Amino acid sequence: MKLEENQNFSVAVITYKEALDSFANNDDIKALINKSKKSKMCRAEVYPGSLCISFCIPDKTNIIHKFPFLSIINHDRVLFIDDSGKVGYCIKNMQKNKVLNEDCLGRFIYDFLETLVEPELRYLDGFSDRISKMENAVVSGVFEQFDHKMIAVRKEILASYRYYSQLIDIGQELQENENGFFSEKDIHYFKHFTDRARQFHEETKTLREYTLQLREVYQTQFDMRQNKVMKVLTVVTTIFSPLTIIVGWYGMNFSNMPELTWEYGYLLVILLSILTTGFCIWILRQNKFL
């Protein structure tokens, strides 16, 4: 399907099946198309007379799912091979935002790449908000499923980190302009895109460090919570240890123990237990354990 045609270049989008049928007699292109469909990363490859860029866009709602598509760039043509609809969506946004107004191959590619990554800034801002909410929950003492949430967050950050790193490589490959398709002005555009991808890359590094700090906050809060529990157990143990000694002592039931036959022996043990407990509590209060 032809989407755009200028006096200097044309743009078309076809499916993988249509591409395999069109290039049935070209084994090299067929191999490239099949490799692109199964690819798990973005990369640019230079061939004599063409530049092939394989894209693999992570799904923001499910990092396991990706949108692969391939672009084959010649000096006067851009061919997209896509089954996901991602390319059509980007070009419609370009038409909507009226960025398809320059009769220049390099500018079209730059605008396409910019449209492709345009949602990333909002995504990273939303991601930062998610981590902030997790931090507030941890500080408030809410630890429910923290480990599972943190693992999911770190996986998502890692996927974005790799994606932006691959976009940087694509931008640098475009800047090298090995086939001479682009002008100096186009190369300046690609440098701007590379800088933008690098900015996203640095932002994910910051978010990655943020998660490490959040993990430390969680561990600190968890340790404090455990310390409180241990403090309570220590206080209870300290108070009742003397009573355990009294129980053990008077539970021996030797026949020559005078308290066993004394009329007030039972009351004496009760009074001794109360005094011992009160004394232990007073000692703990004096040392600010209570």
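Computed from a predicted model, the values in this text were never measured in an experiment.

Asker: I tried to follow the overall build of the protein on my own but got confused; where do I start?
Answerer: Looking only at helices and strands, the protein features nine helices and six strands. Judged by the C-alpha coordinates and their principal axes, the protein covers about 115 × 35 × 30 Å. Across the protein, the fraction of contacts at a sequence separation of at least 24, relative to all contacts at a separation of at least 6, is 64%. Here the protein contributes 35 positive and 37 negative side-chain charges, whose respective centroids are spaced 5 Å apart.

Asker: I tried to follow the pairing of strand E6 (residues 77-82) on my own but got confused; where do I start?
Answerer: Regular strands place side chains that alternate from one sheet face to the opposite one. Judged by how many residues are buried, E6 sits mostly within the fold: five of six residues are covered. Bridging between strand E2 (residues 10-14) and E6 involves five bridges; their strand directions are parallel. Paired with Ala12 across the bridge in E6 is Leu79. Two strands pair when backbone bridges link them, and strand E5 (residues 62-73) and E6 are joined in this way by five bridges, in the antiparallel orientation. In the strand pairing of E6, Leu70 is matched with Ile81. In textbook terms, the turn of a hairpin is the stretch between consecutive antiparallel strands, and for E5 and E6 this stretch comprises three residues.

Asker: Can you help me understand the packing of aromatic side chains in this one?
Answerer: What characterises a pair of aromatic rings is the spacing of the ring centres plus the angle enclosed by the ring planes. Applying the stated criterion across every chain yields a total of 14 aromatic pairs. Centroid distance Phe80 to Phe112: 4.7 Å. Interplanar angle 35°. Geometry classified as tilted. Here Phe112 lies in helix H4 (residues 105-117) and Phe80 lies in strand E6, a separation of 32 residues in the sequence. You can call Phe112 buried: its relative accessible area is 3%. Consider the rings of Phe146 and Tyr218, whose centres lie 4.1 Å apart with planes at 15°: the pair is stacked. Taken together, the positions of Phe146 in helix H6 (residues 146-176) and Tyr218 in helix H7 (residues 184-250) put the pair 72 residues apart, joining distant regions of the chain. Assigned by exposure class, Phe146 and Tyr218 land together as buried. It is Arg107 that lies over the ring of Tyr189; its NZ or CZ is 4.7 Å from the centre. Positioned above the aromatic ring of Phe127 is the side chain of Arg130, whose terminal nitrogen or guanidinium carbon lies 4.8 Å from the ring centre.

Asker: What exactly am I supposed to notice about the pattern of salt bridges here?
Answerer: According to the stated counting rule, one finds 13 salt bridges in the structure shown. Taking the shortest distance from any N to any O, the salt bridge between Lys191 and Asp195 comes out at 3.3 Å. One end of the pair, Lys191, and the other, Asp195, are both in helix H7, four residues apart, so they sit about a helical turn from each other. A residue is classified by how much of its surface remains accessible, and Lys191, at 43% relative accessible area, is partly exposed. For Asp195, the salt bridge goes to Arg198, with nearest N and O atoms at 3.4 Å. Linking Asp195 with Arg198, this pair stays in helix H7, spanning three residues, or about one helical turn. Using a relative accessible area of 36% as the deciding quantity, one classes Asp195 as partly exposed. Ionic contacts of the salt-bridge type, sharing partners, join the residues Lys35, Arg43 and Glu45 into one network.

Asker: Would you take a moment to explain the nonpolar core for this structure?
Answerer: Considering soluble globular proteins, one finds that nonpolar side chains tend to be buried as a cluster. In this structure, Phe80, Ile91, Phe108, Ile109 and Leu174 are the most contacted members of the largest nonpolar core, which totals 54 residues. A per-element tally of this core places H6 first, with 10 residues. If you look at the next biggest cluster of nonpolar residues, it comprises 12 residues, including Ala12, Ile14, Cys52 and Leu79.

Asker: Got a minute to help me understand unusual backbone geometry in this structure?
Answerer: Across residues other than glycine, the phi torsion is negative in most instances, and most of the peptide bonds are trans. In the Ramachandran plot, Asn177 falls in the positive-phi region, its phi being about 55° despite a non-glycine side chain. If you trace the backbone, Asn177 turns up in the loop between H6 and H7.

Asker: Would you take a moment to explain the packing of H4 against H7 for this structure?
Answerer: The relative placement of two packed helices comes down to the angle between their axes together with the axis-to-axis distance. H7 packs onto H4 with a crossing angle of 15° between their chain directions and a minimal axis gap of 9 Å. Taken together, the axes of H4 and H7 lie roughly parallel to each other. Classified by chirality, the crossing of H7 by H4 is left-handed. On the side of H4, the interface is formed by Gly106, Arg107, Ile109, Tyr110, Leu113, Glu114 and Val117, while H7 contributes Asp186, Tyr189, Phe190, His192, Phe193, Arg196 and Phe200.

Asker: Is there a simple way to think about helix H3 (residues 86-96) in this case?
Answerer: An α-helical segment advances 3.6 residues per turn. Residues three or four places apart therefore align on the same side. By the burial criterion, the buried members of H3 are Val87, Cys90, Ile91 and Met94. Looking straight down H3, one finds that the buried residues subtend no more than 95° of arc, so they occupy a single side. Away from the buried face of H3 by more than 90 degrees, exposed residues Tyr89, Lys92 and Lys96 are located.

Basis of the calculations
Residues numbered from 1 in each chain as written. Predicted model: local features only at pLDDT ≥ 70, side-chain atom pairs only at ≥ 80, totals over all residues. Heavy atoms only, no water. Helix = DSSP H or I, 4+ residues; strand = E, 2+ residues; numbered from the N terminus. Contact = heavy atoms within 4.5 Å. Lys, Arg positive; Asp, Glu negative; His and termini not counted. Charge placed at Lys NZ, Arg CZ, Asp CG, Glu CD. Buried < 20%, exposed > 50% of the residue type's maximum accessible area, 1.4 Å probe, protein only. Pairing = 2+ DSSP bridges. Phe/Tyr/Trp six-rings, centres within 6.5 Å; stacked < 30°, edge-to-face > 60°. Lys NZ or Arg CZ within 6 Å of the ring centre and 35° of its normal. Salt bridge = Lys/Arg side-chain N within 4 Å of Asp/Glu carboxyl O. Core = buried A, V, L, I, M, F, W, Y, C linked by side-chain atoms within 4.5 Å. Axes fitted to C-alpha atoms, helices over the stretch in contact; angles between N-to-C directions. Parallel < 35°, antiparallel > 145°, perpendicular 65-115°, else oblique. Left-handed = near helix turned anticlockwise from the far one by under 90°. Arc of directions from axis to C-beta.

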